[in-house]
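# Summary of the model geometry
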Protein chains: 4
Amino acid sequence: MDKSNEMTHKVAILGASGYTGAELIRLIDGHSNFDISVLAGERKAGQDIATVFPHLRHLELPIIQQIDEIDFSTIDLCFCALPHKTSQKVVTNLPHNLKIIDLSADFRLRDASEYQKWYGIEHHSQDLQKEAIYGLTEFYRNEIMSARLVAGTGCNAAVGQYILRPLVDQSVIDLSDIILDLKCGVSGAGRTLSTQLLHAELSEGAHAYAVGGNHRHLGEFDQELSQVAGQSIRVQLTTHLIPMNRGILATVYVIGDPKAIHKTLSCAYEQEHFIEILPLGETPSTHHVRGSNFVHIGVSADRISNKTIIVAVLDNLIKGSSGQALQNANLMFGEVETEGLMMSPLYP
Amino acid sequence: MDKSNEMTHKVAILGASGYTGAELIRLIDGHSNFDISVLAGERKAGQDIATVFPHLRHLELPIIQQIDEIDFSTIDLCFCALPHKTSQKVVTNLPHNLKIIDLSADFRLRDASEYQKWYGIEHHSQDLQKEAIYGLTEFYRNEIMSARLVAGTGCNAAVGQYILRPLVDQSVIDLSDIILDLKCGVSGAGRTLSTQLLHAELSEGAHAYAVGGNHRHLGEFDQELSQVAGQSIRVQLTTHLIPMNRGILATVYVIGDPKAIHKTLSCAYEQEHFIEILPLGETPSTHHVRGSNFVHIGVSADRISNKTIIVAVLDNLIKGSSGQALQNANLMFGEVETEGLMMSPLYP
Amino acid sequence: MDKSNEMTHKVAILGASGYTGAELIRLIDGHSNFDISVLAGERKAGQDIATVFPHLRHLELPIIQQIDEIDFSTIDLCFCALPHKTSQKVVTNLPHNLKIIDLSADFRLRDASEYQKWYGIEHHSQDLQKEAIYGLTEFYRNEIMSARLVAGTGCNAAVGQYILRPLVDQSVIDLSDIILDLKCGVSGAGRTLSTQLLHAELSEGAHAYAVGGNHRHLGEFDQELSQVAGQSIRVQLTTHLIPMNRGILATVYVIGDPKAIHKTLSCAYEQEHFIEILPLGETPSTHHVRGSNFVHIGVSADRISNKTIIVAVLDNLIKGSSGQALQNANLMFGEVETEGLMMSPLYP
Amino acid sequence: MDKSNEMTHKVAILGASGYTGAELIRLIDGHSNFDISVLAGERKAGQDIATVFPHLRHLELPIIQQIDEIDFSTIDLCFCALPHKTSQKVVTNLPHNLKIIDLSADFRLRDASEYQKWYGIEHHSQDLQKEAIYGLTEFYRNEIMSARLVAGTGCNAAVGQYILRPLVDQSVIDLSDIILDLKCGVSGAGRTLSTQLLHAELSEGAHAYAVGGNHRHLGEFDQELSQVAGQSIRVQLTTHLIPMNRGILATVYVIGDPKAIHKTLSCAYEQEHFIEILPLGETPSTHHVRGSNFVHIGVSADRISNKTIIVAVLDNLIKGSSGQALQNANLMFGEVETEGLMMSPLYP
């Protein structure tokens, strides 16, 4: 796409060799008014994109360079798709006139002690941490529009909050008894070398991980849901790795009237482009959102009175990270919020 | 294996062309004292096993015949791996001196009205229904030893009960708040022609089904857990289809002390060959039981006090059906209970 | 996308409930100047798209209707994504001023006796059969521009011809010794109810099918390659079903100089947007074209002198059928050829 | 299984933490007269098997120890499942009265210069290299019976030779034109940390590797087929990685009469327990041998006269490595050759 016009915003992507980086490139290529000027990474510096991601070989893109060699003078927006801990160091050193969307965990938690609790290290940019806007687009739209630094949410935290925020806000569920059971695609773990991420170890089976309150995304649930409720909320979260590459399916168990819950969600998202509430009693599939920025949510009554099951799905690499990032970028630069994000899911 | 000795029991398998039928053949072939004399099925009658199941082509087996042409006079044991509704008709007409293990749903529920409620038709063999012993081996061992008709359990019902029966029996959990979230392999749906079971529809994604109290295996949970508790118990059950062929992973959410729960399960299964309780805090994977008769159970404390997550796995076609059936057959014929069932899982 | 302008061409899709139909909808939705006015199908008539294909539920689309109830008076272009045999009947009855792209096998072969040989029935629209243009875009561009009826190619025939046509045309390979070994994704078989397409039968394994000269796409190879060569050519083709939903990987064994072959392919496709020739010695992956209209081709020298292996990949549902169809539609209506087709592959 | 009898042979497994090591444990556990006395490995030394391979947690096995701490005085047989290069060092230092089955590549090639050519390093045990018997059981039975050191074959080399050896030996095919196109399960690459073996990189797609005469198993083909033919033979071999964990499907293209080929294979394997020749025109599936020691071979005539396609399948971890090793061990110790190896495949 020829984007050489005055409306075009120049973009740098730091961490271009991971899955969220690749997805940013793919999505931004389809956007009319963002143009990729810089790709950066540490280990892959000096390589072209056809070597790192052959599926992007048809694109004309800059060679991947070292982060500390970037000339930011012409850059309007910087996406950081670096690992947490690394990200805070890099972001701290970026020019202060630059708009930044960080996809790591480093700026999601506003409280330094919470960060230390969940990530095991002290936060070194506590000022930026306080300044950062939590990037759950539909709930922080105004703040994001005027933000300089937006923190992309955890993918599991995103799907859970899409279900729970309106229900907590409207007090239609019992706040003391919330269980989230998540089935997660393996790309959520990134392009990390780990025995447990090998095909031979993962395909044809399923297992739970981070059981019992250990999942780091719980920090986001604690912070955000407590703020919505105006009181401390603690949810239960169990994540499972299943043999699919993309997608999260969240099955959420709450106490509350299914019709009221369905109505609350329907009203909350009535104007949203990307969030679809299914008719009461229907349930979604990750197949139906894969490769897209959509969220599908289904509400079902249990046979036991006043118990409700809510199932939601999204693509962790799009609505759960890179698509969310681009949606936020649209807000930050006055673009149409859906620009570059309306592609349909890939099925089958 | 040459089995032509006096100790050998002659076996007929009805419904040999389904997955549980194939699995019965495979397992019985490895058993010293059972010998397959008859294979029967409707649609595949007249075919040899190499045509129906090429993976069994190395075995010398009888041609598949029509059920009504079987000479039962030399048969000691009949496995029925037929669909429910069909099974009750066939079983009713079998000779009364024959021992029978039925793998369908037809004799799991002792109450005719419960059967009608869950399966939508009237039961036509209510006497047999009352006579049948529920085939969850570890809990009905004595009854099975002397039974004529044993009803194999639902695979989902089996995994759930392995977790819950000792906990309900020992009253270490809150009986009013039990949630089972199951991730199920697709072979549980059988070799059925259905669009939603196609590879292109199932692989690379996940979805929930029978949400909200509609899953038929709930009839078994209601019957069995209520009996153990001496009071009516209703659990929540949500099943999910994920892209794996074999295995069920059950994540169960209960209220109760994790250590007490772990101890209760450890004690309950201390003498059992096939049920392994992992150290507290560890979680199992379906990978680790695939192709075997084992059940692995892990108990984890939640960060919220007095909430416990229990994860259990089994192979739905073995411990969840055909392996369970053979284990029960061993009991019914005075064989060593583990005979033919000690093979290790296939990994990776 | 709002498409209510004078430039918009009105489109009907017949056979909207199959995979190629769904893919047409997805692709056309992203096209600036085609607008879907009619969706039709037999079994699903009366249903909305959210029921038939929930992944398209965010689109505003007409209800699926019966084919014989369509008002074609405002339609500019009709895509037929019906099964072969059905398609020829439907196409014969369409208004003669309508442009048609047929995705079935019915108009690929120009010779009625060849059609009968490969498809086992007499062709009932032999005039149309002769009129139809073979839709392999890069080689029939001029004819397609002025065509009324374009016949989409077989997906396997497409990938093989992308490798072989320039090599046959330039006589850089031995025409008497050509072997194509194809690894095919399961969506190529469509949304058909067949035991052998079940997840449990296909995942975790691989098998060959239509071995030894029985694959129907050989009719296309025979017709097209013989025409290019000016002499009768017969290739060997073996297709394999492997556990992936989308994609074909073709490994082609030829006798000829690898450098000359690489140069011939590089020259042939130098100006093409969708066909990428990798550097000599590199090989492509279906992962790198999935969800896109691209073809990647790699040429490798064998250790045996003058033997060359060529590997090519494409997405069978896009470049192998629906994307090809849209590319041809662009030509037929004077649109930019790449419009609506430049999306990058979905990876991972 | 209680194996404490005088007939029991004491076994050590070196390299117990890889896939072939795990498979040896699984298979030997089911064998009446071999007993595992020692498990050894480097990185996992000090760990129990439940930690390294939870699917084997039900077995009573020794703790994994360092290789140099093993007391070999009571060991009868040592399986080496170590990486090549490492293996030759370890095997050289083993006691000379010990029988050894090496599963690495280190002793497959009898010619030191060939080893250096294919593996890139000088061989440091050239005496042992010459002494070692090539472990393709059906063709080296007598030599294996009296061997001290047996070299397990490459899994790809095994499947290819099962097809080609009888055909080369009987001169029913053209020796100058042999193409092997292999579709390989990912466990063949072992439990190696490599980006390209991650689930997200491998599942849902396919690619070729080691194209053009680079695959190391070609050294075995060259050595063995040339010896059978009494003249130098060079085959073409292309291997592909597809998303399945176990299994190799080999499609072999030869010039020769299909009936003669089918007859030659049928005669050659008539007495073999593990090798099944399908009726002419039928083709096998990896599904039908997975988890077993069987090989299925199908022969099909091409439509082109005198061209034949032969398809063979085996489980790379069993007949391609650990099952082959146990079969050879049976020969070396005078056990029944099929002991411990007659389990049926796991399907689905």
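Residues numbered from 1 in each chain as written. Chains lettered and ligands numbered in written order. Predicted model: local features only at pLDDT ≥ 70, side-chain atom pairs only at ≥ 80, totals over all residues. Heavy atoms only, no water.

### Focus: the confidence of the model for chain A
Looking at chain A as a whole, its pLDDT mean stands at 97, while 99% of the residues score no less than 70. For this predicted complex, the interface score ipTM comes out at 0.97, while the overall pTM is 0.98. (pLDDT = per-residue confidence, 0-100.)

### Some points on unusual backbone geometry
Residues B:Tyr347 and B:Pro348 are joined by a peptide bond in cis, for which omega reads 0 degrees. Inspection of the secondary structure puts B:Pro348 in the segment after α11 (318–332). You will see that D:Ser171, though not glycine, has its phi angle at about 55 degrees, which is positive. D:Ser171 sits in the exposed class, given a relative accessible area of 55%. Positioned with a positive phi, D:Ala210 is a non-glycine residue whose angle comes to about 50 degrees. Assignment of secondary structure puts D:Ala210 in the loop between β9 (207–209) and α9 (218–229). (Helix = DSSP H or I, 4+ residues; strand = E, 2+ residues; numbered from the N terminus. Buried < 20%, exposed > 50% of the residue type's maximum accessible area, 1.4 Å probe, protein only.)

### Quick look at the nonpolar core
One finds A:Phe79, B:Phe79, C:Phe79, C:Ile297, D:Phe79 and D:Ile297 to be the most contacted residues of the largest nonpolar core, which totals 392 residues. Leaving out residues up to four positions away in the same chain, D:Phe79 has contacts with D:Val11, D:Ala12, D:Ile13, D:Leu14, D:Leu24, D:Ile28, D:Ile101, D:Leu103, D:Ala325, D:Leu326 and D:Ala329. (Core = buried A, V, L, I, M, F, W, Y, C linked by side-chain atoms within 4.5 Å. Contact = heavy atoms within 4.5 Å.)

### Structural notes on the sheet that holds strand β1 (residues 9–14) of chain A
Residues and elements named next belong to chain A. Read from one edge to the other, the open sheet built from seven strands follows the order β3-β2-β1-β4-β5-β7-β6, with strand pairing classed as parallel. The sheet is open, and its two edges are formed by β3 (64–65) and β6 (133–134), each paired on a single side. Relative to strand β7 (residues 149–151), strand β5 (residues 99–102) runs parallel, the two being bridged by three bridges. In the sheet register, isoleucine 100 faces β7, and the bridge partner there is leucine 149. (Pairing = 2+ DSSP bridges.)

### Focus on the interface of chain A and chain B
Buried accessible area, meaning the area lost when the parts come together, often serves as the stated size of an interface. Each partner contributes to the interface: chain A provides 49 residues, whereas chain B provides 49 residues. Run the count over chain A and chain B and you get eight salt bridges. Across the pair B:Glu204 and A:Arg290 runs a salt bridge whose closest N-O atoms are separated by 2.6 Å. The dominant element in the side of chain A that touches chain B, judged by the number of residues it contributes, is strand β8 (residues 179–184) of chain A, at four residues. (Salt bridge = Lys/Arg side-chain N within 4 Å of Asp/Glu carboxyl O.)

### Quick look at the sheet that holds β8(A)
Residues and elements named next belong to chain A. Taking strand neighbours across the sheet as the criterion, the seven strands line up as β9-β10-β8-β11-β14-β13-β12 in an open arrangement whose pairing is mixed. Whereas interior strands pair on both sides, the edge strands pair on one side only; in this sheet they are β9 (207–209) and β12 (275–277). Geometrically, the sheet is characterised by an average inter-axis angle of 20 degrees between neighbouring strands, direction not taken into account. Relative to strand β13 (residues 295–301), β12 runs parallel, the two being bridged by three bridges. By the bridge assignment for β13, isoleucine 275 is matched with valine 295. Together, β8, β9, β10 (236–241), β11 (248–255), β12, β13 and β14 (307–314) form the strand contacts of helix α7 (residues 155–169), whose direction differs from that of β14 by roughly 140 degrees. (Axes fitted to C-alpha atoms, helices over the stretch in contact; angles between N-to-C directions.)

### Remarks on the interface of chain C and chain D
Listed by partner, the interface residues are 49 residues for chain C and 49 residues for chain D. Of the roughly 4000 Å² buried between chain C and chain D, counting both surfaces, carbon and sulfur atoms make up 51%. Taken together, the links from chain C to chain D amount to eight salt bridges. Seen at the junction of chain C and chain D, the total is 36 residue pairs in polar contact (both at pLDDT 80 or more). The element that contributes the greatest number of residues to the side of chain C that touches chain D is strand β8 (residues 179–184) of chain C, accounting for four residues. By residue class, the composition of the side of chain C that touches chain D is 22 nonpolar, 15 polar and 12 charged. (Buried area = accessible area lost by both parts, 1.4 Å probe. Polar contact = N/O pair within 3.5 Å; in protein donor to acceptor, adjacent residues only side chain to side chain. Nonpolar A, V, L, I, M, F, W, Y, C, P; charged D, E, K, R; others polar.)

### A few points about the relation of the copies chain C and chain D
Note on the copies: chain C fits chain D at an RMSD of 0.0 Å, the axial shift is 0.0 Å, and the rotation between them is 180 degrees. Look at the turn and shift together and you get a two-fold axis relating the two. Residue C:Pro243, judged by its C-alpha, is the member of chain C lying nearest the rotation axis, at 3.2 Å. When the interface residues of chain C are mapped onto chain D, 100% of them again lie at the interface, so the same face is used by both copies. (Least-squares fit on C-alpha atoms with pLDDT ≥ 70 in both.)

### Some points on the pattern of salt bridges
Counting across every chain of the model gives 84 salt bridges over all chains. With a closest N to O distance of 3.9 Å, A:Glu114 and A:Lys117 form a salt bridge. Placement of the pair is A:Glu114 and A:Lys117 together in helix α4 (residues 112–119), with a separation of three residues, close to one helical turn. Residue classification places A:Glu114 among the partly exposed positions, given a relative accessible area of 22%. The class of A:Lys117 is partly exposed, set by a relative accessible area of 48%. Among the salt bridges present, the one from B:Glu276 reaches D:Arg57, with a minimum N-O distance of 3.5 Å. Note that B:Glu276 is positioned in strand β12 (residues 275–277) and D:Arg57 in the loop between α2 (49–52) and β3 (64–65), a pairing that runs across two chains. Three or more residues joined by partner-sharing salt bridges are found here, namely A:Glu23, A:Arg26, A:Arg246 and A:Asp315.

### Description of helix α11 (residues 318–332) of chain D
Residues and elements named next belong to chain D. Taking 1.5 Å of rise per residue, the 15 residues of α11 would be expected to cover 21 Å, yet its terminal C-alpha atoms sit only 18 Å apart, more than 12% below that figure. In the structure, α11 departs most strongly from a straight axis at glutamine 324, where the bend amounts to approximately 45 degrees. The buried fraction of α11 amounts to 15 of the 15 residues, a majority that puts the element mostly inside the structure. (Expected span 1.5 Å × (residues − 1). Bend = angle between axes of the 7 residues up to and from the residue.)

### Thoughts on the state of the cysteines
Counted according to the given criterion, the structure contains zero disulfides over all chains. You can see D:Cys80 has no disulfide; the closest cysteine sulfur is in D:Cys78, sitting 4.2 Å from it. (Disulfide = S-S within 2.5 Å.)

### Side note on the packing of aromatic side chains
Scanning the entire structure with this criterion turns up 32 aromatic pairs over all chains. Judged by centre distance (5.8 Å) and plane angle (70 degrees), the ring pair of D:Tyr134 and D:Tyr140 falls under edge-to-face. The buried category is assigned to D:Tyr140, whose relative accessible area is 7%. Feature note: the residues A:Phe139, A:Tyr162 and A:Tyr269 constitute an aromatic cluster, connected by ring pairs. Lying across the ring of C:Phe333, C:Lys99 places its NZ or CZ 5.3 Å from the centre. (Phe/Tyr/Trp six-rings, centres within 6.5 Å; stacked < 30°, edge-to-face > 60°. Lys NZ or Arg CZ within 6 Å of the ring centre and 35° of its normal.)

### Some details on the relation of the copies chain A and chain B
By a simple turn and slide, chain A fits onto chain B: the slide is 0.0 Å along the axis, the RMSD is 0.0 Å, and the turn is 180 degrees. Of the residues that chain A buries at the interface, 100% are likewise interface residues in chain B, meaning the two copies contact each other through the same surface.

### So, the environment of C:Leu202
Looking at where C:Leu202 falls in the secondary structure, it is placed in helix α8 (residues 199–202). You can call C:Leu202 buried: its relative accessible area is 1%. The spacing of C:Leu202 and C:Leu241 is 39 residues in sequence and 7.9 Å in space, taken between C-alpha atoms. When residues no more than four places from it in sequence are discounted, the contact partners of C:Leu202 are B:His199, C:Val186, C:Gln196, C:Leu197, C:His207, C:Leu241, C:Pro243 and D:His287.

### Some words on the side chain of D:Thr238
Following the sequence through the fold, D:Thr238 ends up in strand β10 (residues 236–241). Contacts of D:Thr238, omitting those with residues within four sequence positions, involve C:Thr251, C:Tyr253, C:Ile309, D:Leu180, D:Asp181, D:Leu182, D:Ala208 and D:Val211.

### As for the side chain of A:Thr286
Considering the arrangement of structural elements, one finds A:Thr286 in the loop between β12 and β13. For A:Thr286, a relative accessible area of 1% corresponds to the buried category. One polar contact links the side chain of A:Thr286 to the main-chain amide nitrogen of B:Ala206, over a distance of 2.8 Å.

### Quick look at helix α4 (residues 112–119) of chain D
Residue and element names in this part refer to chain D. All of the buried residues along α4 are Ala112, Tyr115, Trp118 and Tyr119. Down the axis of α4, the buried set is contained in an arc of 135 degrees. They therefore lie on one face. On its buried face, α4 is in contact with α3 (86–92), α5 (126–131) and α9. Once α4 finishes, glycine 120 follows within two positions and takes phi at roughly 80 degrees, a positive value. (Arc of directions from axis to C-beta.)

### Digging into the packing of α7(A) against helix α9 (residues 218–229) of chain A
Residues and elements named next belong to chain A. Running from N to C, α7 and α9 point in directions that differ by 15 degrees, and their axes come no closer than 10 Å. As far as their axial angle goes, α9 and α7 are roughly parallel. With respect to the hand of their crossing, α7 and α9 are arranged in right-handed fashion. Two secondary-structure elements touch here, α7 through Asn156, Ala157, Gly160, Gln161, Leu164, Arg165, Val168 and Asp169 and α9 through Glu220, Phe221, Glu224, Leu225, Val228 and Ala229. A class-by-class count of the residues in the contact of α7 with α9 yields seven nonpolar, three polar and four charged. (Parallel < 35°, antiparallel > 145°, perpendicular 65-115°, else oblique. Left-handed = near helix turned anticlockwise from the far one by under 90°.)

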